[in-house]
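What follows is the residue order along each chain.
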Amino acid sequence: MDSPIVAQLFRQLFRHPACQSRRNLATLSSCIQHGRRAQLQHQQRRHMASRHTRGAKQGLPEKESHWQQRTEMFALDMTDEYKSYPTVTADELRSRRERPRKVKMLMRDFIEDSLYNPHYGYFSKQVVIFSPGEPFDFNSIRDEPAFHHELGRRYTEFEDELDAKEGKVDDTRQLWHTPTELFRPYYGEAVARYLLSNYVMTTYPYHDLIIYEMGAGRGTLMLNILDYIRDIEPAVYDRTKYKIIEISPSLAALQNSQLVATAASRGHADKVEIINKSIFDWDARVPSPCFFLAMEVFDNFAHDVLRYDLATEEPLQGTVLIDGQGDFYEFYERSLDPVAARYLRVRHAATGGAYRVPYPTNRAARWLKRQLPLAPNLSDAEYVPTRLLQFFDVLEKHFPAHRLVTSDFHTLPDAVRGLNSPVVQTRFRRRTVPVSTPLVHQGYFDILFPTDFGTTEAVYRAVTGKLTRVVSHESFMRNWAYVEDTRTRSGENPLLSWYRNASVMVTV
C-alpha cells in the first residue's frame, strides 16, 4: 500500500475502541480495495504544498508566512485551526492517556509521542519481540532458503502460542525480531569479544568493565555478553557491571524476567541494573570509562521534517496539526526551532557542507523545475535526526569517558517519499503493511529511519570530540564472530548476508 488514503483508513479503523474488534478489522481488506480505487482517481495529481493566505508573521509578506502541505487528497485549508490550536510537545503529552486532538506539534514530537508515549505509544503498549526458542543449528540447515523457511515456521509457532495463551487471535499484534534473537548466542558473543578485547587493551585493570545498553529488547544481548565474559575471562567478569536504560516499562519488566528465568541467568543478577527511564531524562554524571551499546536504536529516534524553498534554498520546518476528528495536516514554517536550527549548523560545520539535499543544487535546474506545470513550490521532504543530536549531547555531557558501539540500517526498503525518509509499517493478520506517510494513528505503526553514517559520524565527532570508525555489519562480524558457527551446509552464512543494509559505528 502506498497511499495516504490507506493510512487514513487505518486511522479511522483504529480510532475508537469499538473499531478494534476482529469483526471490524476483518473489513480492512475491503477498505484497502476502496482506498486503491480512490488513489487511481488522484494518481495524476502532483504532490505539492500550497501557501496560506492568512496569519502573516512580522517581516514576511502575509501570503508567505506559513505553508500547508497538500497530499494527493488535496486536504482542506486548515489555516484558522492552525492559528488557534495550541502547540504541545511529546513531554507534555506523557501524562495523557488519550491521543491528542485540536493541537499542533513539531514532527519530531509527533513521532516521539507515537512511539514512546507511556499510555498508547508503539513501544510502550504494542510491541512483542519474537523469540525463536532454541538457538538455530545453522550447521545442520541446508541453505539460506531453508533457514528462512524454518524461521517462518517458528514465527507461526510463536504467534500460535501467544494466541492460545491470550485466548483469542490478535490480528494487530506488532511482532518483530532483532539479529540478537535470530543469531543467539553468536551475535552477542561477537559483541562481547569486541568489548572484552578493547577493555583489556585500554582500561584493565585500572577500571571496572562498565557496560550501558540502550534499547535492550528482551535482554538477550545482555545475557549473551555476560555468559561469554563469565566463561572466557572470570577475572574480568568479577569486575563487570551491566546497566540497561529502558524507556518502556513493559520491556523493562521483560528484561527483569529474563534475568531470573534460569539458574545461569540468575547468576548475573548482582551484575545487572535495569534503569526504567528515558536516556533524554538522564541527569547523573558518569565519569568512569564505559561502553555504551545502542544496537538498532538510532532508527527509532524522532526526526524533524524540513522542506526547502526552491527559489531561495531556505529551510521550512514541518508541524503536524491534529483536528477534532484525529486527522492530520502538515504545515511548514520559515522560522526553525532552536534544535533544528542547531542541527543544521552543526551538520554544515562538521561535514564542510558535503551532505545531500532534497533539491537540485544547480540554480538553473531548480528554476526549470519550477516552470513545469503543477510544479511544487517546496522541495521534497528531508527528515533530519534532531533527536540523535540530543542523544550525542547526553553522551558528551553525562558520559564523557564513554565508547559508543552502535549498529543500524544505512538504507531501508519501502520508505516514504523524501530524503532520509522513514519506513512506516504495521502488522495485520501476521503480514507487514507499509504505508506512505508518517502521519498515522499513534501507537499502531512502527516508524523507523535509515542512518546516514557519513553525516552521523561527522556530527558525533563534532559534538563529543571523539574519533570513530564505521564498518559494514558483515565486516564487523567477520572480525569478531566465529562465522563458522552460523554457516549452513551450502556454505551460505545468514549472519553475514542478512544485514547487508546495516553498518556499525564504534568509538576508537
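Predicted, not measured: the structure shown is a model, and the values here were computed from it. (Residues numbered from 1 in each chain as written. Predicted model: local features only at pLDDT ≥ 70, side-chain atom pairs only at ≥ 80, totals over all residues. Heavy atoms only, no water.)

Novice: Teacher, can you tell me more about the packing of aromatic side chains here?
Specialist: Aromatic ring pairs: the centre-centre distance and the angle between the two ring planes describe each pair. For the structure on display, the rule yields 34 aromatic pairs. Pairing Phe292 with Phe399 gives two aromatic rings, centres 5.3 Å apart and planes at 80 degrees, and the pair type is edge-to-face. Taken as a pair, Phe292 in strand β9 (residues 290-295) and Phe399 in the loop between α17 (386-398) and β14 (402-409) lie far apart in primary sequence, 107 residues in all. Phe399 shares its class with Phe292; the two are buried. An angle of 25 degrees between the planes, with centres 6.2 Å apart, marks the rings of Phe409 and Tyr499 as stacked. You can see Phe409 sitting in strand β14 and its partner Tyr499 sitting in the loop between α20 (494-497) and β19 (502-507), a full 90 residues away along the chain. Tyr499 matches Phe409 in its accessibility class, with the two residues each being buried. (Phe/Tyr/Trp six-rings, centres within 6.5 Å; stacked < 30°, edge-to-face > 60°. Helix = DSSP H or I, 4+ residues; strand = E, 2+ residues; numbered from the N terminus. Buried < 20%, exposed > 50% of the residue type's maximum accessible area, 1.4 Å probe, protein only.)

Novice: What should I look at first to understand the confidence of the model for the protein in this one?
Specialist: Low pLDDT marks stretches whose predicted atomic positions should not be read closely. With 85% of its residues at a pLDDT of at least 70, the protein reaches an overall mean of 87. Every residue in residues 15-64 is under pLDDT 50, and counting partners more than four places away or in other chains gives 103 contacts. (pLDDT = per-residue confidence, 0-100. Contact = heavy atoms within 4.5 Å.)

Novice: Please clarify how the side chain of Arg108 should be interpreted in this entry.
Specialist: Counting through the fold element by element, Arg108 comes out in helix α6 (residues 107-116). Ignoring any residue separated from it by four or fewer positions in sequence, one finds Arg108 in contact with Ala302, His303, Asp304, Gln317, Asp337, Val339, Ala340 and Thr386.

Novice: Just checking my understanding: could you explain the sheet that holds strand β16 (residues 431-435) for this structure?
Specialist: The strands that make up a sheet pair up through hydrogen bonds in the backbone, lying either parallel or antiparallel. Ordered by their spatial adjacency, three strands build an open sheet running β16-β15-β17, and the pairing between neighbours is antiparallel. One side of each edge strand has no neighbouring strand; the edge strands of this open sheet are β16 and β17 (446-448). Along the sheet, successive strands turn relative to each other by an average axial angle of 30 degrees, direction set aside. Sheet topology note: the strand β15 (residues 423-428)/β17 ladder contains three bridges and is antiparallel. Paired with Val424 across the bridge in β17 is Ile447. (Pairing = 2+ DSSP bridges. Axes fitted to C-alpha atoms, helices over the stretch in contact; angles between N-to-C directions.)

Novice: Is there a simple way to explain the pattern of salt bridges in this structure?
Specialist: Charged atoms that come close allow side chains of opposite charge to pair. Inspection of the entire model under this criterion finds 32 salt bridges. Put simply, Arg173 and Glu159 hold a salt bridge, and the shortest N to O gap is 3.0 Å. Of this pair, Arg173 sits in the loop between α8 (144-166) and β5 (174-176) while Glu159 sits in helix α8, placing them 14 residues apart in sequence. Residue classification places Glu159 among the buried positions, given a relative accessible area of 2%. If you follow the salt bridges from partner to partner, you end up with Glu159, Asp160, Asp163, Glu166, Arg173, Arg427 and Arg430 in one network. (Salt bridge = Lys/Arg side-chain N within 4 Å of Asp/Glu carboxyl O.)

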